[in-house]
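Structural characterization, general
As a plain string of letters, each chain reads:
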Amino acid sequence: LYTTERSAAQNLAREGVAAERVCFVGNVMIDSLLASRSQARDPAATLRAHGFDPALLQDRAGYGVVTLHRPSNVDSAERLGAALRTLGEVAQRLPLVFAMHPRTAANVSKFGLEGLIDKRRIAVLPPQGYLEMQGLMAGAALVLTDSGGLQEETTALGVPCLTMRDSTERPITVDEGTNTMVGTDHAAILQGVDDILGGRGKRGRVPELWDGRAAERIAADLYRWLRERAEAA
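Residues numbered from 1 in each chain as written. Predicted model: local features only at pLDDT ≥ 70, side-chain atom pairs only at ≥ 80, totals over all residues. Heavy atoms only, no water.

A closer look at the overall build of the protein
Put simply, the rule reads: Numbering of helices and strands runs from the N terminus, with a helix taken as a DSSP run of H or I at least four residues long and a strand as a DSSP run of E at least two residues long. For every residue, the accessible area obtained with a 1.4 Å probe (protein chains only) is divided by the maximum for its type, and the residue is called buried under 20%, exposed over 50%, and partly exposed between those limits. Note on contacts: a residue pair qualifies if any of its non-hydrogen atoms lie within 4.5 Å across the two residues. Only the protein chains shown count as cover for residues, with accessible areas throughout obtained via the Shrake-Rupley method and a probe of 1.4 Å. When charges are counted, neither His nor the chain ends are considered; positive counts come from Lys and Arg and negative counts from Asp and Glu. Just so you know, the charge point we use is NZ for Lys, CZ for Arg, CG for Asp and CD for Glu.
On a plain count of helices and strands, the protein comes out with 11 helices and 8 strands. Across its three principal directions, the C-alpha atoms of the protein cover 70 × 35 × 35 Å. Here the protein holds 233 residues, and the buried ones make up 45% of them. A sequence separation of at least 24 residues applies to 66% of the contacts in the protein between residues at least 6 apart. When the accessible area of the protein is evaluated, it comes to approximately 11,700 Å², of which 51% is carbon and sulfur surface. Each charge class in the protein can be summarised by its mean position, and for the 27 positive and 29 negative side chains these summaries are 2 Å apart.

And the structure:
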């Protein structure tokens, strides 16, 4: 069992997994991120491709990136409406690039919430490719999301992340990284944004072995394991 953080070994031990079956190697998703950094698409080109003026990115405060897709945030008119109102207030502090998931877009239309999106300050894009999102995140002042993957990627990139959920499967991004759990609380989200823009945000650090070489360590361990079994046979 290959793990991305040391605390995983404790969880596996509580499940009865023998220690010799566990190998701490790092995070293969960060391997992908670091390997493709040089190919990340320029944020201005991404906005231009969807008909938006790249000048939106030149705000004095920078810009934020938003993704929301979890049913708990977008499947209720009340919850989605509240999230969009909060994002509208955030957008008064810095412009936002909202890569909108099809589920979210469908519910915005279904619930008649289009009027809550300030199109002067929020650029709503369709879902973006991996390299486009990399470029957007790397250049952002902050990210607002409910995505697990973005919590890890922002930590690796050193970009402040505010996670609009009450729990996370990536605790290391909170304990060591740049991630802060703000849930859906209006005041907590705005305070988090203000702290980041005011230079009081969480700095965090890149977790141990998130160095782009996790796959190499996995391959080396698999080679050792296979060789031992071949010799034993």
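What to know about the pairing of strand 6 (residues 142-145)
Rules: Here, any two strands with at least 2 DSSP bridges between them count as paired.
Because side chains alternate across strand 6, one face comprises the buried residues Leu142 and Leu144, and the other comprises Val143 and Thr145, equally buried. Bridge analysis of strand 3 (residues 64-67) against strand 6 gives 4 bridges, and the strand direction is parallel. Note that in strand 6 the partner of glycine 64 across the bridge is leucine 142. Note: strand 6 against strand 7 (residues 161-163), 3 bridges, orientation parallel. Within strand 7, the residue paired with leucine 144 across the bridge is leucine 162.

Things to note about helix 5 (residues 77-93)
Our working definition: To estimate the expected span of a helix, count its residues, drop one, and scale the result by 1.5 Å. We define a polar contact as two N or O atoms separated by no more than 3.5 Å, with the added condition that, inside protein, one atom must be a possible hydrogen donor and the other a possible acceptor, whereas residues neighbouring each other in sequence contribute only through side-chain atom pairs.
An ideal rise of 1.5 Å per residue puts 24 Å on 17 residues; helix 5 measures up with 25 Å between its terminal C-alpha atoms. Among the residues making up helix 5, those that are buried are Leu80, Gly81, Ala83, Leu84, Thr86, Leu87, Gly88, Val90 and Ala91. Measuring from the backbone nitrogen of glutamate 78 back to the side-chain oxygen at the start of helix 5 gives 3.2 Å, which picks out serine 76 as the cap.

Focus on the sheet that holds strand 5 (residues 122-125)
Quick reminder of the rule: To get an axis, fit a line to the C-alpha atoms, keeping to the stretch in contact for a helix; angles then go from 0 to 180 degrees between the N-to-C directions.
Within the open sheet, the 6 strands sit side by side as 5-4-3-6-7-8. Their pairing is parallel. Of all strands in the sheet, those bounded by a partner on one side alone are strand 5 and strand 8 (179-181). If you compare each strand with its neighbour and ignore which way they point, the axes differ by 20° on average.

Focus: the environment of tryptophan 225
With respect to the element layout, tryptophan 225 can be found in helix 11 (residues 214-232). We classify tryptophan 225 as partly exposed; its relative accessible area is 39%. Expressed as a C-alpha distance, the spacing of tryptophan 225 and arginine 85, which sit 140 residues apart in the sequence, is 54 Å.

Looking at the pairing of strand 4 (residues 96-99)
Of the two faces of strand 4, the one holding Leu96 and Phe98 and the one holding Val97 and Ala99 are both buried throughout. Pairing analysis gives 3 bridges linking strand 3 to strand 4, with the strands arranged parallel. Looking at the pairing, glycine 64 lines up with leucine 96 of strand 4. The pairing of strand 4 with strand 5 spans 4 bridges and is classified as parallel.

Regarding the side chain of threonine 178
With respect to the secondary-structure elements, threonine 178 resides in the loop between helix 9 (171-175) and strand 8. Among the polar contacts listed, one links the side chain of threonine 178 to the backbone oxygen of valine 159, at a separation of 2.8 Å.

Thoughts on the nonpolar core
What counts here: We define a nonpolar core as any set of buried Ala, Val, Leu, Ile, Met, Phe, Trp, Tyr and Cys residues linked to one another through side-chain atoms lying within 4.5 Å.
Within the largest apolar cluster, 26 residues are counted, with the highest numbers of intra-cluster contacts made by Leu68, Leu84, Leu87, Val90, Leu96, Phe98 and Leu144. Elements that contribute at least two residues to this core include exactly helix 5, strand 4, strand 6 and helix 10 (186-197). In contact with valine 90, other than residues within four places in its own chain, are Leu96, Leu144, Ile189, Leu190 and Val193. Ranked by size, the runner-up nonpolar core spans 23 residues in total, among them Ala44, Leu47, Val65 and Leu157.

That's the geometry; what it means functionally is another story.
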